[in-house]
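Coordinate analysis (summary)
Listed below, chain by chain, are the residues.
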Amino acid sequence: MTHSARSATLAPEGYIPRLIDERLSFLLEAFGAVEITGSKWCGKTWTGLAHARSVTRLDESNAYARAVEAPETALLGDEPHLIDEWQELPLIWDEVRRRVDQEANRPGEFILTGSTRLKIENDAQSGRREVHHSGAGRIKRVSMWPMTLAEEGVSNGLVSLKGLFDGEFREAECDSRLEDVAQWCCRGGWPANVGRPYEVAVETAASHLESLFDVSIPRMGLDPQTASSLVMALALNLAQAPTTKTLAADMAHSDEGSMPARSTIERYLDALRRLFIVHDVNGWSAPLRAKARTRVKPKRYFVDPSLAAVALRATPTRLMEDMQTLGSLFETLVMRDLSAFVSTYAGMGNEVRYYRDDAGLEADAIVEVDGRWAAIEVKLSEAKVDAAADALVRLEKKVLANPQARIGRPAFLAVLVGRGSVAYRRKDGVYVIPVATLTA
């Protein structure tokens, strides 16, 4: 059903402002339509409502049935008009694109939310396209992630990632323990969990995976058991770059006779990416045209650490006895937050990558913003900061010593830690930053 509001947005009572709000407002002044994409339950609808004056919810049976008969009815309402879960009826995408064309790309007409990544190639089974046009130039896409620690209010936000790129930093205090890190990873960044006790909040990620296997995967014509086995294999190889052979072996519990084909794994991985369950972090090489940028295998992360924790049946208590798993989950949390921060910045080419070379030199995250770069290592506590800082300094020297790199010095080098009390700058120039002080 379509509801309207003449002068105010439809912001729900209790809406918690998100980092993406400012970016969304800006884009609505520049494009006829903006799509908010991201996993289910990450807050897309509420954020869309906070910027909309009317809404059509395509996951409601009446609105869906009416839109099937007359697609243009889904576009009716005061602007900006929110079309929630447009992928329930993919032809709506093309209707919006045509309307924006007719209105000469007049800014701020529509907001769309989608929990499935856009697909324009032909469907293998039906031979039909889900949509006929990417919407380039008409519909601007912006990514939304589960809540960061800063949005949840867990981080005090005294250290800004963007500020570090601009040379701005001040020491900041916090008090975070490993027990806190374990809780953050298990409860996840789901908006519905804010303020809820852990025992209630932890059920959200479990319900997310149940919905994935019971509804989303079957709707894509795929087998829930195969998808479940792949999710477990990815959790076992969390924050790594496993080959399809490794994933197949873990899915089959090393039984060669029941190992799925490579094409099967790739098809199911694509489904998990499209549903915003996992995301790839590509490798980084300093030369702008280096072929190595695309040859390094991607590392795979869940969009939220709680999904991996559920798959592994991890609890805060068990994680305190398994620092290796907790470290991988914490790295997943950090990659979530860094990706969310970068998605709010203007400009092109802003992304998070990782670095690994043949000599074994690594950096967990290379953040690129406005043509600048920074290298980051992720550690559970300050106990291993010295080794991490040394690796970052060696990486900087190696990149700058390469005459083919044609790239400037890093904007900063930093070690992000889970357990920590102070954000400070070491004598070697490397920042040590507890994530409980970090924001965009």
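Residues numbered from 1 in each chain as written. Predicted model: local features only at pLDDT ≥ 70, side-chain atom pairs only at ≥ 80, totals over all residues. Heavy atoms only, no water.

**Overview of empty space enclosed by the protein**
According to the stated counting rule, one finds three cavities of 30 Å³ or more in the structure shown. Roughly 70 Å³ of internal volume is contained in the largest cavity. Of the residues belonging to the lining of the largest cavity, the class tally is six nonpolar, four polar and two charged. The computed volume of the second largest cavity comes to approximately 60 Å³. Forming the boundary of the second largest cavity are Lys40, Ser115, His208, Ser211, Leu212, Ser216, Leu275 and Ile277. Its residues assigned to classes, the lining of the second largest cavity shows three nonpolar, four polar and one charged. (1 Å grid on protein atoms, 1.4 Å probe; cavity = no way out; pocket = protein on both sides within 12 Å on 5 of 7 lines; lining within 4 Å. Points joined across faces, edges and corners; volume = space filled by probe spheres on them. Nonpolar A, V, L, I, M, F, W, Y, C, P; charged D, E, K, R; others polar.)

**Some details on helix α9 (residues 203-219)**
Along its 17 residues, α9 runs 23 Å from first to last C-alpha, staying within 8% of the 24 Å computed at 1.5 Å per residue. The principal kink in α9, of about 40°, is found at leucine 212. Turning to α9, its buried residues number three or more, namely Thr204, Ala205, His208, Leu209, Leu212, Phe213, Ser216 and Ile217. Glycine 221 sits one or two positions beyond α9 and adopts a positive phi of about 75°. (Helix = DSSP H or I, 4+ residues; strand = E, 2+ residues; numbered from the N terminus. Expected span 1.5 Å × (residues − 1). Bend = angle between axes of the 7 residues up to and from the residue. Buried < 20%, exposed > 50% of the residue type's maximum accessible area, 1.4 Å probe, protein only.)

**A look at the environment of lysine 397**
The topology assignment puts lysine 397 in helix α17 (residues 385-401). By relative accessible area, lysine 397 is classed as exposed at 58%. Put simply, lysine 397 and aspartate 180 are 217 residues apart on the chain and 35 Å apart in space, counted from C-alpha to C-alpha.

**Overview of the sheet that holds strand β14 (residues 413-417)**
Spatially, seven strands are ordered β8-β15-β16-β14-β13-β12-β11 in an open sheet, and the strand pairing comes out mixed. Edge positions in the open sheet fall to β8 (172-176) and β11 (351-356), since each of these has one partner strand only. The mean angle between the axes of side-by-side strands here comes to 30°, regardless of whether they run parallel or antiparallel. Helix-sheet contacts for α17 involve β11, β12 (362-369), β13 (372-379), β14 and β16 (431-434), and the interaxial angle to β14 is about 155°. (Pairing = 2+ DSSP bridges. Axes fitted to C-alpha atoms, helices over the stretch in contact; angles between N-to-C directions. Contact = heavy atoms within 4.5 Å.)

By themselves, these are just geometric observations and shouldn't be taken as functional.
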